[in-house]
Amino acid sequence: MTDPDGYGSHVDAETAAATGWFEPLYADAGHGRAVVPWDAGGPSPYLTEWARAAGLDGKGAPALVVGCGLGDDAAYVAGLGFSVTAFDISPTAVEQARERFPDSAVRFEVADLFDLPAAWRQAYDLVIEIFTVQALPIALRPRVTGAIASTVAPGGTLLVVQRTRPEGATVDGGPPYPVSRSELDLFLADGLRLEQLEQLPDDRGGRWRAEFRR
Ligand SMILES: C[S@@+](CC[C@H](N)C(=O)[O-])C[C@H]1O[C@@H](n2cnc3c(N)ncnc32)[C@H](O)[C@@H]1O
């Protein structure tokens, strides 16, 4: 999946190993042999609650949904009036998202965070990142956060939702690989600033909901 114009172009054995299990999972789930554990059957409440509070009205502005999976968040953001591109590394997930939302204007695309199209650099007024960072090993974190941050347009907003990890705590097993407070700050490296940070309690250690702006 190498785009000659890709500005990431860092697909290598490490990233291939970290991302290689998503497509078989979606394919197995498509045949009823597995479940997609993060499929909530609707848009994320962390997104819908935030969007309602912000009174979001896209007015056709470009938005990007990272690791879109089966497409619910992308369809929701399109419903807010944004012109949405949503991508996932899994061709089966993208195909299923297209099938699930045939009337949606969302452009569902197969793309790899580690090899994003050059045209996506600083191109999106709204970027939604929910649970992709935590799904990838901690060693890859600066590359993942850097790639996501690079898509935010000047003046644009990035919403990040991840499971929290106490600072200094090690991760046993995974995925997921929860995100520490200092790892959240990796999003600042590309010139973003932290606009708002919430630590939302839940029954599994809590979630970060962070809003960054360029
Ligand atoms: C934990 S799931 C979260 C899906 C969705 N955002 C949600 O909240 O339900 C992570 C998603 O990221 C996708 N993904 C993982 N690595 C990726 C990469 N390098 N580029 C694009 N998508 C990736 C997976 O296929 C999967 O759909």
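Bear in mind that the values here come from a model prediction, so they are computed numbers and not experimental data.

Caption draft 1: Highlighting the site of the ligand. Near the ligand you find 18 residues, and of these Tyr26, Gly67, Asp88, Asp112 and Ile130 are the closest. A distance of 3.2 Å separates a nitrogen atom of the ligand from a polar backbone atom of Ile89. Protein contact buries 94% of the 590 Å² of open area that the ligand shows by itself. Broken down by secondary-structure element, the contributors of at least two residues to the shell around the ligand are α2 (22-30) and β2 (83-88). Of the residues assigned to the shell around the ligand, the class counts are 12 nonpolar, four polar and two charged.

Caption draft 2: Just the layout of surface pockets, in detail. Reported here for the largest pocket is a volume of approximately 940 Å³. In this structure, the largest pocket is lined by 43 residues; those nearest its centre are Trp38, Asp39, Gly67, Ile130 and Phe131. When the residues that make up the lining of the largest pocket are grouped by side-chain class, the tally is 26 nonpolar, nine polar and eight charged.

Caption draft 3: Region of interest: the packing of helix α3 (residues 45-54) against helix α4 (residues 72-79). Where α3 meets α4, the closest approach of the two axes is 10 Å, and the angle between their N-to-C directions is 15°. Comparing their axes, α4 and α3 come out roughly parallel. Considering the relative orientation of α3 and α4, their crossing is right-handed. Across from Leu47, Thr48 and Ala51 in α3, the residues of α4 making contact are Asp73, Tyr76 and Val77.

Caption draft 4: Expanded view of the pairing of strand β7 (residues 207-213). In terms of burial, β7 is largely enclosed, as six of its seven residues are buried. Pairing of strand β5 (residues 152-163) with β7 involves seven bridges; the strand directions are antiparallel. Following the sheet pairing, Leu158 is matched in β7 by Phe212. Here strand β6 (residues 193-200) pairs with β7 via seven bridges, running antiparallel. Across the sheet, the residue bridging to Glu198 is Arg209, located in β7. Turn length for the β6-β7 hairpin, with the two strands adjacent in sequence and antiparallel, is six residues, and the turn residue Gly205 shows positive phi of about 95°.

Caption draft 5: Quick look at the confidence of the model for the protein chain. In the predicted model, the protein chain carries a mean pLDDT of 94, and 95% of its residues have values of at least 70. Taken as a whole, residues 1-5 scores under 50 in pLDDT and shows 11 contacts with residues more than four places along the chain or in a different chain.

Caption draft 6: Geometry of the packing of aromatic side chains. By the definition in use, this model includes seven aromatic pairs. Seen in terms of ring centroids, Tyr26 and Trp38 are 6.0 Å apart; in terms of plane orientation they differ by 70°. Their pairing is edge-to-face. Here Tyr26, found in helix α2, pairs with Trp38, found in the loop between α2 and α3; they are 12 residues apart in sequence, far enough to count as distant. Grouping aromatic residues by their ring pairs yields a cluster made of Trp21, Phe22, Tyr26 and Trp38.

Caption draft 7: Inspection of the packing of α2 against helix α5 (residues 91-100) at higher detail. At a minimum axis separation of 7 Å, α2 and α5 run at an interaxial angle of 45°. By the angle between their axes, α2 is oblique relative to α5. Where α2 abuts α5, its residues Glu23, Tyr26, Ala27 and Gly30 lie against Pro91, Thr92, Ala93 and Gln96. Of the residues assigned to the contact of α2 with α5, the class counts are four nonpolar, three polar and one charged.

The rules behind these values
Residue positions are given per chain, counted from 1 along the sequence in the order it is written. Per-residue local features of the predicted model are confined to residues with pLDDT of at least 70, and side-chain atom pairs are confined, for both listing and counting, to 80 or more; whole-chain, interface and lining totals are unaffected and use all residues. Side-chain descriptors were evaluated using all non-hydrogen atoms of the structure, hydrogens and water having been removed beforehand. Residues are classed as near a molecule or strand on a simple rule: at least one heavy atom within 4 Å of it. Polar contacts, as used here, are pairs of N or O atoms within 3.5 Å; protein pairs need one atom able to donate a hydrogen and one able to accept it. Residues neighboring in sequence count only if both atoms are side-chain atoms. All accessibility values rest on the Shrake-Rupley procedure with a 1.4 Å probe; residue burial counts only the protein chains present in the view. Numbering of helices and strands runs from the N terminus; a helix is a DSSP stretch of H or I covering at least four residues, while a strand is a stretch of E covering at least two. In this count, Pro and Cys sit with the nonpolar residues alongside Ala, Val, Leu, Ile, Met, Phe, Trp and Tyr, while Asp, Glu, Lys and Arg are called charged and the others, Gly among them, polar. Cavities and pockets were defined on a 1 Å grid built over protein atoms only: a cavity is a set of grid points that admits a 1.4 Å probe from which the probe cannot escape, a pocket is an open set flanked by protein on both sides within 12 Å along at least five of seven lines, and lining residues are those with an atom within 4 Å of any such point. Grid points are joined across faces, edges and corners, and a volume is the space filled by probe spheres set on the points. Helix axes use the C-alpha atoms of the stretch in contact, all axes being lines fitted to C-alpha atoms, and the angles between their N-to-C directions lie in the range 0 to 180 degrees. We call two directions roughly parallel when the angle between them is under 35 degrees, roughly antiparallel when it is over 145, roughly perpendicular when it lies between 65 and 115, and oblique otherwise. In this scheme the crossing of two helices becomes right-handed for a clockwise turn of the near helix relative to the far one and left-handed for an anticlockwise turn of less than a right angle. Contact between two residues is taken to exist if any of their heavy atoms lie within 4.5 Å; hydrogens are not considered. When a residue's accessible area, from a 1.4 Å probe over protein chains only, is under 20% of the maximum for its type it is buried; when over 50% it is exposed; and in between it is partly exposed. Here a strand pair is declared whenever DSSP counts at least two bridges between the two strands. Confidence of the predictor in every single residue is expressed as pLDDT, which spans 0 to 100. Side-chain rings of Phe, Tyr and Trp (the six-membered ring for Trp) are treated as a pair once their centres are within 6.5 Å; stacked means planes under 30 degrees apart, edge-to-face means over 60, and tilted covers the remaining angles.

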